[in-house]
Every structure is written in structure tokens, then in C-alpha cells.
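Here is what each chain is made of, one letter per residue.
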Amino acid sequence: MTPSTRRPPLPETLAVLETRRSVAAAGLQAPGPDAAQTRRLLAIAARVPDHAMLAPWRFIVIEGAARGAIGALLSDAYRDHNPDMAPEKREKFAAIMGRLFPAPLAVVVVSRPVGGTMIPDFEQQLSAGAVCMNLLTGATAMGFDAIWVTGWAATHRAALTILGLIEGERVAGILHIGTATETPADRPRPDVSAITTHWSPPR
Ligand SMILES: Cc1cc2nc3c(=O)[nH]c(=O)nc-3n(C[C@H](O)[C@H](O)[C@H](O)COP(=O)(O)O)c2cc1C
């Protein structure tokens, strides 16, 4: 018998999960989430499994004029920290840093494992990954496009200082969110049967 508490299937949710794909940040333009949608997205992002309720993550929102301002700082920092690079190459990457936040909204998900608990850092980092995934799924369900990236700005000490990270914190992801200028082709997806086994007891 079907338990009375069984929730009905949600075909639209399944469709979001089955069709979501990333759009490169350079292809994301306005409109992006408004203030209320952004708050809602962050609440969705924070609704992830979290062993022992440590909330071992936080958000940094980058939007509006802050996008150009942080781009300029990252661009300068890239130049300063790559003095030996061929100037042409250095300028190319410095320019990329300057345009790093083209989408209307970026959310930096910061992983910050809580020490002195029974919960391994690895599990706390996995929870931060789930936060990133919820942001992607939530943005898609709201009708936006998004991508999860990392790279120099998410790993180099100078960039982390500009972002405002402190000791013990790492960037789990930079989530760029906006509206795709064009619909990109999907990429090949893994053959699930090739990576799935069914456990059975040893004979
Ligand atoms: C932790 C993490 C970091 C990533 N960093 C980058 C990145 O810096 N640049 C990039 O182009 N893609 C990056 N990706 C890959 C994209 O997020 C995305 O998976 C890829 O473009 C394929 O798109 P899909 O989401 O449609 O499968 C990263 C993915 C993960 C999980």
C-alpha cells in the first residue's frame, strides 16, 4: 500500500535535473536574479546536507559595479605576481582577469571546515560542493543559466586576499549566473551503466 505521506513526483524538477547544462561566463548577460531572487537562491544553496550542522561555508556576492572593481584588482594582482611571464601572455591573462565577472551575478562559495569536531574536513568540503550544485540547480529552476568555475582567481593567494578570504578558507566555486546569449550545445554525458556496479555478497 502507498504510504499516505508519499509526496507526488515533480516532473518539472526532474526535467531541470535532466537538462541542466553550463553556459560559459562570457555568454551570460542580463537579466540576472534580482535582490529577492538572489536571497532565495542563497537560501536554496544553504539547504544542503551538512553533517552536524556546522554550516562550513559562506557566500560572497559580486554584482553591479563590484564586478568591474574586483576585475581591475585581480588584473593588477595577476600582473604583479607574474613578472617573469612573457609580456604578451601576461597582458592576455591580466585582461581575462579584468573581465572575470561578466554575468550579472556571481556567488563565491567559500568552504571553511570547522575544526575541533568529529566531522572530517573532507565531509565538510563535500557539503560546500553540494552548496555549489544547489546554486546551479536553483538558478536553472528560476530560468537562469549558470556555470561553476575556479581557476587563478579562486586559488592564488593574492586573489583570495582580494576576495576577502581568511586562513583556513578555500573557494569551493565561483558561480556565475545570468541569461545565456545563445543556447550552447550539450556535451556528451557519462555512460552511467559503464560506471555502475551492483554489489553482491562474496561467494
Ligand atoms: C570544482 C569545479 C571547478 C571547475 N572549474 C572550471 C573552470 O575554472 N573553468 C571551466 O571552464 N570549467 C570549470 N568547471 C567545469 C564546469 O563547471 C562545467 O562542469 C563544465 O563546463 C561542463 O558543463 P556541464 O555543467 O554542462 O556539465 C569546474 C567544475 C567543477 C566541479
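Counting from 1, residues in each chain are numbered in the order their sequence is written. Predicted model: local features are reported for residues with pLDDT of at least 70 only, side-chain atom pairs are reported and counted for 80 or more only, and whole-chain, interface and lining totals are derived from all residues. Hydrogens and water are ignored here; the side-chain numbers use all heavy atoms of the structure.

**Q** Please give an account of the overall build of the chain that cites residues and values.
**A** In this description a helix means any DSSP run of H or I spanning at least four residues, a strand means any run of E spanning at least two, and both kinds are numbered starting from the N terminus. Along its length, the chain carries seven helices and five strands. Ordering the α and β elements of the chain from the N terminus gives α-β-α-β-α-α-β-α-β-α-α-β. In terms of overall dimensions, the chain has C-alpha extents of about 70 × 45 × 40 Å along its principal axes. Across the chain, the fraction of contacts at a sequence separation of at least 24, relative to all contacts at a separation of at least 6, is 79%. Surface accessibility follows the Shrake-Rupley procedure with a 1.4 Å probe radius. Residue values consider only the protein chains on display as shielding. Entry remark: accessible area of the chain is about 12,800 Å², with carbon and sulfur atoms responsible for 59%. Neither His nor the chain ends contribute to the count of charged residues, in which Lys and Arg are positive and Asp and Glu negative. A single reference atom marks each charge: NZ on Lys, CZ on Arg, CG on Asp, CD on Glu. Each charge class in the chain was averaged separately, 20 positive and 18 negative side chains, and the resulting centres sit 4 Å apart. Any two residues whose heavy atoms approach within 4.5 Å are treated as being in contact.

**Q** Explain the UniProt feature "domain: Nitroreductase" (unreviewed entry) in the chain residue by residue, including any values.
**A** UniProt positions are given in the numbering used here, feature names are shortened, and annotations may be inferred rather than shown by experiment. Within this structure's numbering, the places UniProt gives as "domain: Nitroreductase" (unreviewed entry) are residues 30-178. Split by type, residues 30-178 is 48% helix and 19% strand. Its first and last C-alpha atoms lie 6 Å apart.

**Q** Explain the UniProt feature "binding site: FMN" (unreviewed entry) in the chain residue by residue, including any values.
**A** Here the UniProt feature "binding site: FMN" (unreviewed entry) sits at R20, R21, S22, R47, H51, W148, V149 and T150. In three dimensions, the annotated residues from a span of 131 residues occupy distinct locations, with a maximal C-alpha spread of 28.2 Å. By the secondary structure assignment, R21 is in the loop between α1 (11-19) and β1 (28-29). Exposure remark for R21: the relative accessible area of 17% places this residue in the buried category. Residues within four places of R21 in sequence aside, it is in contact with D145, A146, T183, P184, D186 and R189. Exposure is judged per residue with a 1.4 Å probe applied to protein chains only, and the accessible area is read against the type maximum: over 50% gives exposed, under 20% gives buried, and values in between give partly exposed.

**Q** Quick one: what's the story with the packing of aromatic side chains, residue by residue and with numbers?
**A** Two rings belonging to Phe, Tyr or Trp (six-membered ring only in the last case) form a pair when the distance between their centres is within 6.5 Å. Interplanar angles under 30 degrees mark stacking, angles over 60 mark edge-to-face geometry, and anything in between is tilted. Here the structure, examined in full by the defined rule, presents two aromatic pairs. Plain terms: the ring middles of Y78 and F93 are 6.1 Å apart, the flat faces sit at 45° to each other, and that makes the pair tilted. Taken together, the residues span a long stretch of sequence, with Y78 in helix α3 (residues 65-80) and F93 in helix α4 (residues 87-98) at a distance of 15 residues. Measuring from ring centre to ring centre gives 5.0 Å for Y78 and W152, while their planes differ by 70°; the resulting arrangement is edge-to-face. Linking Y78 in helix α3 with W152 in helix α6 (residues 152-155), this pair joins segments that are 74 residues apart in sequence.

**Q** Hey, could you go over the nonpolar core for me, with residue numbers and the actual values?
**A** Residues I62, L74, F101, V108, L163 and V171 are the most contacted members of the largest nonpolar core, which totals 24 residues. For this core, the secondary-structure elements that each account for two or more residues are β2 (57-63), α3, α4, β3 (105-111), α6, α7 (157-163) and β5 (170-180). Apart from residues lying up to four places away in sequence, L163 is in contact with I60, I62, I70, V108, A153 and V171. Nonpolar cores are built from buried Ala, Val, Leu, Ile, Met, Phe, Trp, Tyr and Cys residues. Side-chain atoms within 4.5 Å join them into one set.

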